[in-house]
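# Observations on the model geometry
Chain by chain, the residues:
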Amino acid sequence: MFNKILIANRGEIALRVIRACRELGVQTVAVYSEADRESLHVRFADDDVCIGPPPARESYLRIPRLIAAAEITGADAIHPGYGFLAENAEFAETCAASNIAFIGPTAEQIRVMGDKAAARKAMADVNVPIIPGTPGPVEDVDEALALAKEIGFPVIIKAAAGGGGKGMRVARDADDFARSFQLARSEALSAFGNGDVYVEKFLQRPRHIEFQILGDTHGHVIHLGERDCSVQRRHQKLIEEAPSPAMTPDLRERMGADAVRGAKAIDYVGAGTIEMLLDEDGSYYFMEMNTRIQVEHPVTEMLTGVDLVKEQIRVAAGEPLSVLELPMLRGHVIECRVNAEDPARNFQPSPGKIEVFHPPGGAGVRLDTHVYDGYTVPPYYDSLLAKLICQGRDRQEAIRRMHMALESFIIEGVTTTIPFLARVMEHPDFQAGNVDTKFLERHGELFKEPA
Ligand code: MV4
């Protein structure tokens, strides 16, 4: 096991990783920008290093400073959390070259899955269903149009270097295609420095279902069930839950086996997520793989009892997974992301000082947060304040507990998404499990306080 782990992140996930380290008896190093001097992760870590000014590109994204901080403090491993450098193959490589363990997959695994066209191909090679589309990137617009006609409209043009919704264009018909294709290519080139795009059939109302994967260096790869993340806005997940209301034991068996086979195909090591789209007709397809711990990992932790961050650390230290099959699922779990944003103003960020902070509690309630009374939310980073995770014996009990927890969660000083989330819990379509990726588009009324 490691002696000392540096956490190359901030906010709630930095605290989450520190807790896992404590339980494993491993020392911790916090890094922080000048805007995060008063953050809890700095206070809770055994050691801390300031790595630069507030903007992330001058602090949390500066690889040489993170390596130097690890060397100065004697850290033998780095946990990247999510975001920032978590899926940066160069960072994983630099860690390895500096004799510091990167707590995550290999640089090669990050690279393959970071190239969405390559990932598609790797999955297709082991018969994981992929969305009907071009076998690889296409350059020529006439060739692409011919392929789009074969696939059938509408189609979606995606950047190979994209992911998470960046660099995508939908083309409704052949007339629309040339323009969308050129736009997607030039957007991809300017956003990612890589203009490669591929074409897929566009699914109209899919559900977003992702499988939690764990792999170790002893050849074990397992899945820990799915999460349904269909409640999103502009590719930002707002609510996640497990099991998916659309899941059946048979479907879980088939999707889970495909997810595991896909991860095994690249000898995946660590925690990862296979994202799939589930179509209205029950067919499902691989979409992309995230090679990191995800924001919504506590949903799976509460449902299965497995500590995913501890597993990540164990596996990076060369130990085998402590769990080798899917445990009994414990009822139903829902997570709400509480952001310092104003839903009535297009989710505009609302940084500032938290004047009152009263967290919810009770049976089946977990709160992952770095916020405290008097904390100032800086304007430089994402606006996540807290993740509220509620478990119940069934979905209805989980929803009721979430609703109660949201109603008793008091944050004053900044505008938060709490009242909006409470309204979603009350919505008949949400209560019926009738959600797909267009749910919020259809229910814009949820963004405003009823008169
Ligand atoms: C799609 C799709 C429909 N058809 N691909 C969005 C995130 C990025 N990873 C891929 N995304 C989508 N890909 C095909 N062929 C619809 C989406 C999509 C979406 C997916 C999951 C959750 C929310 C979404 C919102 C809009 C579009």
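Residues numbered from 1 in each chain as written. Predicted model: local features only at pLDDT ≥ 70, side-chain atom pairs only at ≥ 80, totals over all residues. Heavy atoms only, no water.

### What about the side chain of Arg337?
Positionally, Arg337 belongs in strand β14 (residues 332–339). The class for Arg337 is buried, based on a relative accessible area of 10%. Here Lys237 takes part through its backbone oxygen, which lies 3.4 Å from a polar atom of the side chain of Arg337. Within the structure, the side chain of Arg337 is placed 2.7 Å from the side chain of Glu240, a separation counted as a polar contact. When sequence neighbours within four positions are dropped, the list of residues in contact with Arg337 reads Lys237, Leu238, Glu240, Val295, Glu296, Leu384, Ala386, Thr417 and Leu421. (Helix = DSSP H or I, 4+ residues; strand = E, 2+ residues; numbered from the N terminus. Buried < 20%, exposed > 50% of the residue type's maximum accessible area, 1.4 Å probe, protein only. Polar contact = N/O pair within 3.5 Å; in protein donor to acceptor, adjacent residues only side chain to side chain. Contact = heavy atoms within 4.5 Å.)

### Focus: the sheet that holds strand β8 (residues 197–201)
With respect to topology, three strands assemble into an open sheet ordered β7-β6-β8, the strand pairing being antiparallel. Whereas interior strands pair on both sides, the edge strands pair on one side only; in this sheet they are β7 (166–171) and β8. Strand-to-strand twist of the sheet, defined as the mean angle between neighbouring strand axes without regard to direction, takes the value 25°. Across five bridges, the pairing between strand β6 (residues 155–163) and β7 is antiparallel. Directly across from Ile157, in β7, lies its bridge partner Arg169. (Pairing = 2+ DSSP bridges. Axes fitted to C-alpha atoms, helices over the stretch in contact; angles between N-to-C directions.)

### Quick look at the sheet that holds strand β11 (residues 236–242)
Hydrogen bonding along the main chain pairs the strands of a sheet, whether they run parallel or antiparallel. If you trace the eight strands from one edge of the open sheet to the other, you get β13-β12-β9-β10-β11-β14-β21-β19, paired in antiparallel fashion. In this open sheet, the two strands that pair with only one neighbour each are β13 (284–290) and β19 (365–369). Shown here is a sheet whose adjacent strand axes are inclined to one another by a mean of 25°, direction ignored. Here strand β9 (residues 207–215) pairs with strand β12 (residues 270–278) via nine bridges, running antiparallel.

### Comments concerning helix α10 (residues 297–304)
Most of α10 sits inside the fold, with eight of its eight residues counted as buried. Within α10, burial applies to His297, Pro298, Val299, Thr300, Glu301, Met302, Leu303 and Thr304. Note on α10: the residue one or two positions beyond its end, Gly305, has a positive phi of about 80°.

### So, the pairing of β8
Counting buried positions along β8 gives four out of five residues, so the element sits mostly inside the fold. Note: β6 against β8, five bridges, orientation antiparallel. From the neighbouring strand, Ala159 faces β8, where its bridge partner is Val197.

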